Every structure is written in structure tokens, then in C-alpha cells.
Amino acid sequence: MTIHTVKSADGTSIAFEVTGKGPPLILVGGAFCDRTAPTSGAPLAALLAHRFTVFNPDRRGRGDSGDTLPHALDREGEDLAALITAAGGSAAVFGNSSGGLLALDAAARGFSIPKLVVYEPPVILDAGRARSFEDLAKQLDEAVAGNRRSEAVELYFTKVMQMPAPAVAQLRKAPMWAGLEHLAHTLSYDLLITARGPSRLEQMSAVRAATLVMDGGASPGWMREAIQTLARAIPGARHRTLEGQTHAVDPKALARALEEFLGE
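Rules and cut-offs
- Residues numbered from 1 in each chain as written.
- Predicted model: local features only at pLDDT ≥ 70, side-chain atom pairs only at ≥ 80, totals over all residues.
- Heavy atoms only, no water.
- Helix = DSSP H or I, 4+ residues; strand = E, 2+ residues; numbered from the N terminus.
- Rg over C-alpha atoms; globule rule 2.2 N^0.38 Å.
- Buried < 20%, exposed > 50% of the residue type's maximum accessible area, 1.4 Å probe, protein only.
- Areas by Shrake-Rupley, 256 points an atom, 1.4 Å probe, with all protein chains shown as cover.
- Lys, Arg positive; Asp, Glu negative; His and termini not counted.
- Charge placed at Lys NZ, Arg CZ, Asp CG, Glu CD.
- Core = buried A, V, L, I, M, F, W, Y, C linked by side-chain atoms within 4.5 Å.
- Salt bridge = Lys/Arg side-chain N within 4 Å of Asp/Glu carboxyl O.
- Pairing = 2+ DSSP bridges.
- Axes fitted to C-alpha atoms, helices over the stretch in contact; angles between N-to-C directions.
- Parallel < 35°, antiparallel > 145°, perpendicular 65-115°, else oblique.
- Left-handed = near helix turned anticlockwise from the far one by under 90°.
- Contact = heavy atoms within 4.5 Å.
- Nonpolar A, V, L, I, M, F, W, Y, C, P; charged D, E, K, R; others polar.
- 1 Å grid on protein atoms, 1.4 Å probe; cavity = no way out; pocket = protein on both sides within 12 Å on 5 of 7 lines; lining within 4 Å.
- Points joined across faces, edges and corners; volume = space filled by probe spheres on them.

**Q** What exactly am I supposed to notice about the overall build of the protein here?
**A** When helices and strands are tallied, the protein shows 10 helices and 8 strands. The C-alpha atoms of the protein give 17 Å as radius of gyration, which agrees with the globular expectation for 264 residues (18 Å, within 12%). A principal-axis box enclosing the C-alpha atoms of the protein has dimensions of 45 × 40 × 30 Å. Of all 264 residues assigned to the protein, the portion counted as buried reaches 52%. Summing over all exposed atoms, the protein offers an accessible surface of approximately 11200 Å²; the carbon and sulfur share of this is 53%. Taking the average place of the 27 positive charges on the side chains of the protein and the average place of its 29 negative ones, the gap between the two points comes to 3 Å.

**Q** Teacher, can you tell me more about the nonpolar core here?
**A** Buried together is how nonpolar side chains tend to be arranged in soluble globular proteins. Core analysis: the largest hydrophobic core is formed by 36 residues, its most contacted members being Ile26, Val93, Leu104, Ile113, Leu116 and Leu230. Those elements that provide at least two residues to this core are strand S2 (13–19), strand S3 (24–28), helix H2 (73–86), helix H3 (98–108), strand S6 (115–119) and helix H9 (221–233). Sort the elements by how many residues they give to this core and H3 lands first, with 6 residues.

**Q** Would you mind going over the pattern of salt bridges with me for this structure?
**A** Within the structure shown, the criterion is met by 16 salt bridges. One salt bridge connects Asp64 with Arg35, and the closest N-O pair in it is separated by 3.0 Å. Within this pair, whereas Asp64 is found in the loop between strand S4 (53–57) and H2, its partner Arg35 is found in the loop between S3 and helix H1 (42–48), the two being separated by 29 residues in sequence. The exposure class assigned to Arg35 is buried, which follows from its relative accessible area of 10%. Residue Asp190 pairs with Arg62 through a salt bridge whose shortest N-O separation is 2.8 Å.

**Q** Help me out: how do you make sense of the pairing of strand S5 (residues 92–96) in this one?
**A** The side chains of a regular strand alternate, residue by residue, between the two faces of the sheet. Within S5, 5 of the 5 residues are buried, leaving the element largely enclosed by the surrounding structure. In S5, alternate side chains face the same way, and those of Ala92, Phe94 and Asn96 on one face and Val93 and Gly95 on the other are all buried. Bridge count between S3 and S5: 4 bridges; the pairing is parallel. Bridge pairing in S5 links Ile26 to Val93.

**Q** Is there a simple way to explain the environment of Ala91 in this structure?
**A** In this fold, Ala91 is placed in the loop between H2 and S5. A relative accessible area of 1% means that Ala91 is categorised as buried.

**Q** Can you walk me through the packing of helix H4 (residues 127–145) against helix H5 (residues 149–160) in this structure?
**A** Relative placement of two packed helices is described by the angle separating their axes and the distance separating the axes. Axis separation between H4 and H5 bottoms out at 8 Å; the angle between their running directions is 165 degrees. Taken together, the axes of H4 and H5 lie roughly antiparallel to each other. As for the relative orientation of H4 and H5, their crossing is right-handed in sense. Residue-level contacts link Arg129, Phe133, Leu136, Gln139, Leu140, Ala143 and Val144 of H4 to Arg149, Glu151, Ala152, Leu155, Tyr156, Lys159 and Val160 of H5. Along the lines of polarity and charge, the residues of the contact of H4 with H5 split into 9 nonpolar, 1 polar and 4 charged.

**Q** Where do I start with the layout of surface pockets in this structure?
**A** The probe, sized like a water molecule, is rolled over the atoms to show the empty space still left. Its boundaries defined by the atoms lining it, the largest pocket holds a volume of some 1000 Å³. Elements with a minimum of two residues in the lining of the largest pocket: H4, H5, helix H7 (177–182), helix H8 (187–194) and H9. Partitioning the lining of the largest pocket into residue classes produces 23 nonpolar, 14 polar and 4 charged.

**Q** For this particular structure, what's the right way to read empty space enclosed by the protein?
**A** Enumeration according to the criterion identifies 2 cavities of 30 Å³ or more in this entry. Here the largest cavity defines a volume of roughly 90 Å³. In terms of lining residues, the largest cavity is bounded by Ile14, Val28, Pro57, Asp58, Arg59, Glu76, Asp79, Leu80, Leu83 and Leu102. Element by element, the count of residues in the lining of the largest cavity is highest for H2, at 4 residues. In the lining of the largest cavity, the residues fall into 6 nonpolar, no polar and 4 charged. Here the second largest cavity defines a volume of roughly 60 Å³. Along its surface, the second largest cavity is lined by Leu27, Val28, Gly29, Cys33, Asp34, Arg35, Ser40, Asn56, Pro57 and Arg59. Listing elements by their share of the lining of the second largest cavity, those giving two or more residues are S3 and S4. Class assignment for the residues of the lining of the second largest cavity results in 4 nonpolar, 3 polar and 3 charged.

Printed below as a string of C-alpha cells:
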């Protein structure tokens, strides 16, 4: 697969792959995701390639993309704007998890996104918990700066994803742990996106894209409540639950839902 690049507004090189034929669709992954991730990367792109021209990028700081410091929230929005330009000036967007928050913010800012699909963007309705993510982001950056990447990953799983310690200990033994450590420096980016908390809902009335907001039927109650609240805040948005799915959604179920909505 050929790797393409586009320059973001601050000069950062954003890498992406293009596959398929049809209307343009940009994928935006969440935490721990580069363009190989199953729920927002290459496997999903392959499932959609028969209907869409799929742009599958590495978010800044990941894979083959650059990363200009210091990090700022607006930079990733500018990255998405550059990808939309590369796609011809207008494109549907799918955002998974915190990538969904990026996509929602871009749509609210008036980016040329005619159709938008998000899966479980973590809108935190508790303002206090959302603000606590700012301090946690600093802890993660300090851990990474001290070459304690494993500690940063563990903090994210226990404090953000609320995984029990025994589950994290088991995960540390898995081959995938090294890949998670490799992306540890980007975790604070996702936390700062999420830290906007319920205030994000105030801007959602500006979204003009035809929007589908999805959650998994087996996901926690707080997540499903947040997704339903988000759907109500976006003019004309549809809400859909993928039965039996969790935050780690099956890409085949996701692809079917995307095709049905985007193909209308």
C-alpha cells in the first residue's frame, strides 16, 4: 500500500493510505490507534473499499506522521482539514472513540463534512471528572518524559478506562503491550480532547453534517447515556445501538452500519 502525505497548517507531515473507489471517506482513530487499528484503520478500510475511497491516516505522533511540539488541541483539527483537502475538498468522516470527538469538533467548526458517523466518542457528562483528565494528561507526559512508558499506559487503562488492576497485569504480559508503549506519548492528546467534557455539547448545535451517533449494546451504562445525550444535542442526528458490541467494536458490524448510513 502506498503511503501518501499531506502538510498540516503548522507544517507537520500527516501520513495516510488510500484504498477503494467511490465517495471519499476519512477514518479517524482514537487512543492507541494508528492506521493499522482494526476498529478505525486498515481492516475497516478494506471492508469499505468496495463502496468508498477510504482515506486511512496516522494521527500526528503515530505511525509515519510527524509531531510538532508543543501539542495543541487545534492542531489535530487542522490535520483533518488538510486530509479533507487531499480528499477533494469535501469528505464523509468516521470517528472512533476520541477520534469521534475530533470529528465532531471539526463538524461544529464548519469543516466540509457532508456526512459524519461517530462510534462511542467519550463525552464525559461529569464536569469534575472531565477536568481531572487535564492533571492526568500531565502525569502521562511526565511518565513518558522520564522514559516510563509502561507506567503511562497502565495509568491510562486504570484511571481512564477504569480497568481492574488484575486485567491490566494480564494485558502487560501480552505481545501487544510493546505497541501500546510505543504510542504512550500520544495518550495525553486524547485525554485533553476528552477533558472538554459536557461543555462540548454546547457547540453541537452548530453541526450541519448528516450525523449518525452509535454505541454498543454491551457497553457500560454511563457510555450509553452520554451517547444518547450527544445524539440529542446534534440537530437531526440519528442514534443507533449495535447490539452485543462493546467499545472494542467488531469492524464487520461497524462497516455494515457505515455502509447503510453513508450509502443513503
